[in-house]
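Examining the three-dimensional arrangement
Listed below are the residues making up each chain.
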Amino acid sequence: MSKVNMLIVGVGGQGSLLTSRIVGNLALEEGYDVKLSEVHGMAQRGGSVVTHIRYGEKVNAPIVEVGDADIIVSFEKLEALRYVHYLKEDGVLIVNSQEIDPMSVIVGLDKYPDNIIDQLEEGVKNLIVMNALDEARGIGNIKVVNTILLGALSKYLEFDKEKWIEAIKKTVPEKTVDINLKAFNRGLEISLSDVEELIS
Amino acid sequence: MSERILMLGNEAIARGAYEAGVTVTVAYPGTPSTEITENVAKYDEIYAEWAPNEKVALEVGIGSSIAGARTLVCMKHVGVNVAADPLFTVAYSGVNGGLVLVVADDPGMHSSQNEQDTKFFARAAHIPLLEPSSSMEAKEFVKKAFELSEAFDTPVIVRLTTRISHSQGIISLMDRQEMPLKNYEKDFQKYVMMPAMARKRHTIVEDRMNRLEVEASNLGINEVEYKNKKIGVITSGIPYQYVKDAVPEASVLKLGILHPLPKDLILEFCKNVEEVYVVEELEPIIEEQIKSWGINVKGKELFTKQGEYSANLIKKVIGKENVETRGPLPLPARPPVMCPGCPHRGVYYVLQKLKIHATGDIGCYTLGALPPLQGIDTCICMGASVSMVHGVEKARGKEFVKNWVGVIGDSTFVHSGITGLVNTVYNQGISTVLILDNRTTGMTGHQDHPGTGKTLKGEPTHTLDFELLCKSVGIKHVRSVDPFNLKEVESVIKEEVNREEPSVIIACAPCELLDKKTKRILSNINQDECKTCGICMKIGCPAIQKKQGVIQVNDALCNGCGLCIEVCAFDVINREKDSVVNY
């Protein structure tokens with residue numbers, strides 16, 4: 001790909017920022033121009049968060065335009081629907097089916113949409129849905145949700161598996177390396193089993 | 001080749017300060033500026049400190065500069081309002097060691113109470129202003145700003161916006177240039193701004209700006225790229241990047257200095273292209289100046305003064321492209337909320353239960369304004385809660401204020417709550433102030449302050465004792481409560497709001513996110529006995545959800561604070577022995 005536009009979205013506190021930094025650094029190491037843009041601060045915890053990642057030979061704006069994302073990774077189901085209009089027609093959407101109710105839903109002012117996956121399926125050609133939270137639980141630590149999603153994402157980016165593993169080893173606390181690598185492999189496995197090659 | 005790494009614009013500013021030989025940095029944290037100072041602090045060569053507020057930060061910086069050190073002061077746009085007083089006068093006195101003020105504006109108000117434009121301050125205070133358009137430029141412009149500051153004997157502002165501050169781009173690292181301290185010489189004509197001296201300095205300020213205006217075109221930080229000469233765009237900062245993506249065929253003048261404007265360069269550019277657009281986020285400050293020279297440029301009649309721009313917006317306006325984009329779907333909004341386990345939650349629950357109004361302030365606890373807690377009535381600026389509740393009393397009398405409190409955080413109290421409290425005591429007010437003390441500056445990401453006992457560099461230091469402080473300014477009734485003990489919070493608030501004397505209640509428990517080591521046992525709802533009365537949902541904890549009519553504790557979010565156990569009227573929530581928060 002000449003230029004990759006990507007969004008990582010989720011709920012503040014889920015670790016999407018850290019995940020995007022890993023991707024950014026891999027692209028840098030591969031010799032690309034890279035820009036990442038995040039909005040944090042007030043949206044630190046519990047709010048909707050989005051990180052834009054762009055890499056290629058030359059990148060100008062740090063943000064991805066609506067309708068221009070090659071890949072969106074969503075750490076939470078509702079957030080996938082919130083940002084799906086950023087996706088290109090033939091883009092890939094990876095969704096963690098975990099549900100986190102916004103406060104408006106908790107207090108009964110709003111309803112958490114119950115047909116999110118159906119809605120996504122309608123408009124998205126390349127959709128991968130996984131219950132990364134349950135997978136993480138199965139592996140033994142709910143904190144590795146983001147590494148499972150990273151594993152799923154790795155299928156669609158051109159970086160060698162060894163590079164991903166190296167990046168994870170560099171980023172996570174030493175005592176959690178093994179469980180994170182397990183999570184990465186599980187994520188990759190799920191995305192491999194789900195669909196055939198989507199991006200040429 | 002030097003090392004290339006990805007850096008946030010804010011990190012790049014810090015690196016620029018390091019490379020420029022800065023030895024002193026002072027700031028108050030404020031999104032999106034905070035990471036500048038946090039990253040500066042990592043360099044052993046630079047002394048860095050958090051000041052209690054931006055005014056103090058700039059004053060410390062001015063002292064340091066006059067003493068001969070290259071000095072960096074950082075803040076967000078609203079911080080400049082606080083620092084405006086010394087800012088306007090340091091423009092008169094000038095500097096000794098270079099003095100650079102980095103200000104991060106927030107178009108779109110991602111985490112701010114307004115979206116003011118710092119370019120106004122630069123013009124109003126007669127201070128040069130530079131604006132980078134990438135991380136790499138952020139680093140280089142800081143170095144340039146220090147050169148200008150010393151060459152023209154002036155403070156210099158470097159303006160960032162959120163998309164520069166919080167975007168990562170590639171930068172190449174260069175070596176630090178050590179700057180020996182400049183000699184300090186006593187010079188009351190320069191540094192004592194009493195009327196006789198200040199009048200003379202005002203002439204110098206005008207002269208300096210005139211010289212800068214001539215130089216502005218030759219600073220090497222403005223770039224002209226001629227392509228198709230039908231369309232010319234004058235822009236700066238992050239909008240430059242959108243212009244490059246949106247209309248790659250256009251000729252572009254990218255301004256590095258926005259005050260004073262490089263007039264010669266702009267005049268020449270306008271002569272060489274047919275149609276000129278000015279693309280600047282927020283206020284039309286560049287545009288109006290160019291128009292004042294009798295040049296016809298297009299700007300705010302086509303572009304908004306509100307929020308952030310994008311490549312699509314510019315494509316539509318300049319490229320006249322019919323960009324069809326799908327909009328977002330109507331979905332439940334997800335604004336930030338107080339974290340599960342947050343110590344502020346219980347206090348707001350009690351305020352709501354007692355139907356007590358609160359003047360509020362800036363910090364995590366502002367998030368308690370929305371349902372279900374609806375814990376505060378107002379939020380204007382830092383420190384305002386304390387003064388405003390006093391104002392409420394003076395407007396409507398002592399009886400009226402008996403169901404009001406002012407609510408302020410610990411860092412904000414030190415920032416500018418103390419003076420309000422002094423005022424209340426002095427003017428014989430009776431209002432009650434609640435200090436929600438979570439032992440950190442929470443919302444900006446856990447910065448230390450005079451109440452935490454640690455400096456920015458992580459050294460132990462004196463811990464400001466709020467209780468003693470409040471007593472010493474004349475508050476006789478200072479009470480401390482545990483915010484997780486709702487009964488205690490309730491009885492103390494009832495007592496203090498009814499007292500016809502000023503009082504302070506300090507609700508102290510550390511921010512949930514500070515302590516990641518303690519393993520706490522999660523809450524669990526006994527489904528057989530739960531009456532689904534929904535009281536536990538009124539505390540506004542994100543970990544408590546109702547799914548298919550059943551109220552559950554979401555174990556992926558619960559931090560085991562136990563507040564829900566305390567509010568449950570039927571005693572059906574308990575600790576789940578087997579589930580431990582696992583970090």
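Residues numbered from 1 in each chain as written. Chains lettered and ligands numbered in written order. Predicted model: local features only at pLDDT ≥ 70, side-chain atom pairs only at ≥ 80, totals over all residues. Heavy atoms only, no water.

1. Concerning the overall build of chain B
When its secondary structure is counted, chain B shows 19 helices and 22 strands. A compact globule built from 583 residues would reach a C-alpha radius of gyration of about 25 Å, and chain B, at 27 Å, matches this within 12%. Over its C-alpha atoms, taken along the principal directions, chain B stretches across nearly 80 × 60 × 50 Å. Classification of the 583 residues of chain B by burial places 60% in the buried group. Counting contacts in chain B only where the partners sit at least 6 residues apart, residues at least 24 apart contribute 75% of the total. Element-wise, carbon and sulfur atoms account for 52% of the exposed surface of chain B, whose accessible area totals about 23100 Å². (Helix = DSSP H or I, 4+ residues; strand = E, 2+ residues; numbered from the N terminus. Rg over C-alpha atoms; globule rule 2.2 N^0.38 Å. Buried < 20%, exposed > 50% of the residue type's maximum accessible area, 1.4 Å probe, protein only. Contact = heavy atoms within 4.5 Å. Areas by Shrake-Rupley, 256 points an atom, 1.4 Å probe, with all protein chains shown as cover.)

2. Overview of the overall build of chain A
Within chain A one finds 8 helices and 6 strands. What you see in chain A, going N to C, is helices and strands ordered as β-α-β-β-β-α-β-α-α-β-α-α-α-α. In terms of C-alpha radius of gyration, chain A reaches 16 Å, essentially the compact-globule figure of 16 Å for 200 residues. Split into buried and exposed, the 200 residues of chain A put 63% on the buried side. The long-range fraction of contacts in chain A, counting pairs at least 24 apart against all pairs at least 6 apart in sequence, stands at 65%. A total of about 7700 Å² of accessible surface is found on chain A, and carbon and sulfur atoms cover 46% of it.

3. Quick word on the packing of aromatic side chains
Under the criterion given, the structure shown has 11 aromatic pairs over all chains. Taken together, a centroid distance of 5.6 Å and an interplanar angle of 40° make the contact between Tyr55(A) and Phe159(A) tilted. In this pair, Tyr55(A) is assigned in strand β3 (residues 48-56) and Phe159(A) in the loop between α6 (145-154) and α7 (161-171), connecting sequence segments 104 residues apart. Accessibility assignment for this pair places Tyr55(A) and Phe159(A) in one class, buried. Centre to centre, the rings of Tyr18(B) and Tyr43(B) are 4.4 Å apart; their planes meet at 15°, and the pair counts as stacked. Linking Tyr18(B) in helix α1 (residues 9-19) with Tyr43(B) in the loop between α2 (34-40) and β3 (47-50), this pair joins segments that are 25 residues apart in sequence. The exposure class assigned to Tyr43(B) is buried, which follows from its relative accessible area of 15%. Aromatic ring contacts, followed pair by pair, group Tyr32(A), Tyr55(A), Phe159(A), Trp164(A) and Phe184(A) into a single cluster. For Lys254(B), the ring lying beneath its charged end belongs to Tyr240(B), and the centroid distance is 5.1 Å. (Phe/Tyr/Trp six-rings, centres within 6.5 Å; stacked < 30°, edge-to-face > 60°. Lys NZ or Arg CZ within 6 Å of the ring centre and 35° of its normal.)

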